[in-house]
Amino acid sequence: MPTFVYMTRCDGCGHCVDICPSDIMHIDPTYRRAYNIEPNMCWECYSCVKACPQHAIDVRGYADFAPLGHSVRVDRDERKGTIAWRIKFRDGTEKNFLSPITTKPWGTAIPKLAEVPAPSEEIRNSQLLYNEPKWIRMDEGGLRTLKDAGLTLKQGVYY
Amino acid sequence: MLSVNPFAVAGASLPAGFLQAFLVLMVLAVVAGTLFDIVHKGSARYFFANMRKSKDKGRALGAGERVSIAMQTAVVDVLASGEFCNQKRRVAHLLGMYGFIVYVVATAVMVFGYPTDATPTPAIWPLLWWIGAVMVLVGGYWFWFFIRVDVAAEGNSPFRLAKADLFVLSLVASVTLAVAWAASGGGVGVLFWLYIIATIVLFGGVPWSKFAHMFFKPAAAFEKRVSRANGTAENLPTQTRDDPEQQKRHSMELLRDAPMDMGLGIKREAPRHY
């Protein structure tokens, strides 16, 4: 179910090109609108759908059920710090979800591996991934959440 | 220079009625080009089919509501280009739009109202023509050299041409040549004919350029607002945090004490990481 672009809505801003993890959203050199250059390689991560300020990107359903009226659309409202989903099922059922955005600023979530000590032999031979117990904090008890840590969201989309 | 009507100067060396007939022809070219574009692309059929679908599914809107939506569209989307997220693009667009309107109106007034030196042109019209032209040039060249997506984001040369550039390029070419022609005295010479050719490309190229977006965009913006108001919203989510009911939801717990306007997040950065 790859993404496609409503050409009349797209203004060629490039947010989708920027965010696509597969690098398959490109700007058409003739019309200066975004398009999916390789639908086979799209894994429907919805990054571009969420990033599009004009709601110009949608995800194409499979041909056997797409004509039956389903719809999965999303509105990522950065000013309010929320992401909303509206899911319409083929039988007419509608579900709405509203959640906080938890995206980090560009570049801040990249671990600086050069500054981290190399894994020891013991860790290399372990079943766990590199730094797994430490970084997911499972070595100090249960899974940590904001609520457990007594934290709340601060002003700004990020916390 | 700023108070001389260049069309009156040129009109003296041209057959009577040439400039007036040319202007009428250009208006007809825009009308015919826009209609051809609509029929050829089937955009109007698609647009009205979509509108009917949205009307059938959503709640009925009263006449007052529709007038209010039309007013909002006119003020926010048309007069202030509210749909732009990139403020630089928005300013360049507003300069181009208002400049073009002032420039075209001043041209029409000077061509039809003061065609010869027999009827002296009030100084305001040539001045408005110059102001409009300069606004178009500032907005147009700023857009062309710095804001265009494949220049700003993809790093291509600003001199790389594509079909999509037909409108902006013929617009700045026409206005640049008009300004050069007027600055050189407004006679009928090479600059005048180059200006005429660029103008023919601008108005005659409507079916192939995005000239007609100035007519389509307000209609699309109105339809978008109508679909929001009647609840269909093109299937987009309509729930927001403003609604006190939504604030009580479990998923909204983390945002309970957060301010309603949290500022722009990831979109505060221009998309140029590719």
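Residues numbered from 1 in each chain as written. Chains lettered and ligands numbered in written order. Predicted model: local features only at pLDDT ≥ 70, side-chain atom pairs only at ≥ 80, totals over all residues.

Undergrad: Tell me about the overall build of chain A, residues and numbers included.
TA: When helices and strands are counted, chain A shows four helices and seven strands. In chain A, which comprises 159 residues, the share counted as buried stands at 25%. (Helix = DSSP H or I, 4+ residues; strand = E, 2+ residues; numbered from the N terminus. Buried ≥ 20, exposed ≤ 12 C-beta atoms within 10 Å, placed from the backbone.)

Undergrad: Pulling in residues and values, what's your account of the sheet that holds strand β5 (residues 71–77) of chain A?
TA: Residue and element names in this part refer to chain A. Here we have three strands laid out as an open sheet, ordered β5-β6-β7, and antiparallel in their pairing. With one partner strand each, in any of the chains shown, β5 and β7 (94–100) form the two edges of the open sheet. Across this sheet, the average inter-strand angle for adjacent strands is 10°, counted without regard to direction. (Pairing = 2+ DSSP bridges. Axes fitted to C-alpha atoms, helices over the stretch in contact; angles between N-to-C directions.)

Undergrad: Which residues make up the environment of Thr 232 of chain B, and what are the values?
TA: Residues and elements named next belong to chain B. Here Thr 232 shows up in the loop between α10 (213–229) and α11 (244–247). We classify Thr 232 as partly exposed; it has 18 C-beta atoms within 10 Å. Spatially, the C-alpha atoms of Thr 232 and Ala 21 are 47 Å apart, while their sequence positions differ by 211 residues. Aside from chain neighbours lying at most four places away, what touches Thr 232 is Ser 54, Lys 57, Gly 58 and Ser 227. (Contact = placed C-beta atoms within 7 Å.)

Undergrad: Account for unusual backbone geometry, naming residues and giving values.
TA: Despite not being glycine, Asp 23 of chain A has its phi angle at roughly 55°, a positive value. Position of Asp 23 of chain A among the secondary structure elements: in the loop between α1 (15–19) and β2 (25–27).

Undergrad: Tell me about the interface of chain B and chain A, and please be specific about residues and values.
TA: Counting residues at the interface gives 37 residues for chain B and 42 residues for chain A. Of the residues assigned to the side of chain B that touches chain A, the class counts are 19 nonpolar, nine polar and nine charged. (Nonpolar A, V, L, I, M, F, W, Y, C, P; charged D, E, K, R; others polar.)

Undergrad: Go over helix α5 (residues 87–113) of chain B with me, naming the residues and quoting the values.
TA: Three- or four-residue spacings in an α-helix give side chains the same orientation, since the helix completes a turn every 3.6 residues. All names here are of chain B. With 27 residues, α5 should cover 39 Å at 1.5 Å per step; its first-to-last C-alpha distance of 38 Å lies within 8% of that length. Among the residues of α5, those classed as buried are Arg 89, Ala 92, Gly 96, Gly 99, Tyr 103, Ala 106, Thr 107, Met 110 and Val 111. Tucked into the core, α5 has its buried residues touching α1 (6–12), α2 (18–41), α6 (124–147) and α8 (166–183). (Expected span 1.5 Å × (residues − 1).)

Undergrad: Got a sec to walk through the environment of Ala 221 of chain B? Specific residues and values, please.
TA: Residue and element names in this part refer to chain B. When you line up the elements, Ala 221 lands in helix α10. In this structure Ala 221 comes out as buried when scored by C-beta crowding, with 20 C-beta atoms within 10 Å. Sequence spacing of Ala 221 and Ile 69 is 152 residues, and the spatial spacing of their C-alpha atoms is 9.8 Å. With residues up to four places along the chain from it excluded, the contact list for Ala 221 reads Thr 73, Asp 77 and Glu 83.

Undergrad: Tell me what's going on with the nonpolar core, and back it up with residues and numbers.
TA: The nonpolar side chains of soluble globular proteins are, as a tendency, buried together. Ranked by size, the top nonpolar core spans 33 residues in total, and within it Trp 129, Ala 133, Val 136, Val 175, Ala 178 and Tyr 195 of chain B carry the most contacts. Secondary structure elements with two or more residues in this core: α1, α5, α6, α8 and α9 (190–204) of chain B. Element by element, the count of residues in this core is highest for α8 of chain B, at nine residues. Other than its neighbours up to four places away in sequence, Ala 178 of chain B contacts Ala 133 and Tyr 195 of chain B. In this structure, Val 17, Met 25, Val 49 and Val 74 of chain A belong to the second largest nonpolar core, which totals 22 residues. (Core = buried A, V, L, I, M, F, W, Y, C linked by C-beta atoms within 7 Å.)

Undergrad: Go over the environment of Leu 127 of chain B with me, naming the residues and quoting the values.
TA: Residue and element names in this part refer to chain B. Following the sequence through the fold, Leu 127 ends up in helix α6. On the basis of neighbour counts, which here come to 13 C-beta atoms within 10 Å, the residue Leu 127 falls in the partly exposed class. Note: C-alpha distance between Leu 127 and Ser 3 (124 residues apart in sequence) is 6.0 Å.

Undergrad: Tell me about the packing of α8 of chain B against α9 of chain B, residues and numbers included.
TA: Residue and element names in this part refer to chain B. Contact geometry for α8 and α9: axes closest at 8 Å, N-to-C directions at 155°. Classified by the angle between their axes, α8 and α9 sit roughly antiparallel to one another. The handedness of the crossing between α8 and α9 is left-handed. Across from Ser 170, Leu 171, Ala 173, Ser 174, Leu 177, Ala 178, Ala 180 and Trp 181 in α8, the residues of α9 making contact are Leu 191, Phe 192, Leu 194, Tyr 195, Ala 198, Thr 199, Val 201 and Leu 202. Looking at side-chain class alone, the contact of α8 with α9 contains 13 nonpolar, three polar and no charged residues. (Parallel < 35°, antiparallel > 145°, perpendicular 65-115°, else oblique. Left-handed = near helix turned anticlockwise from the far one by under 90°.)

Remember that the coordinates give geometry; whether it matters functionally is a separate question.
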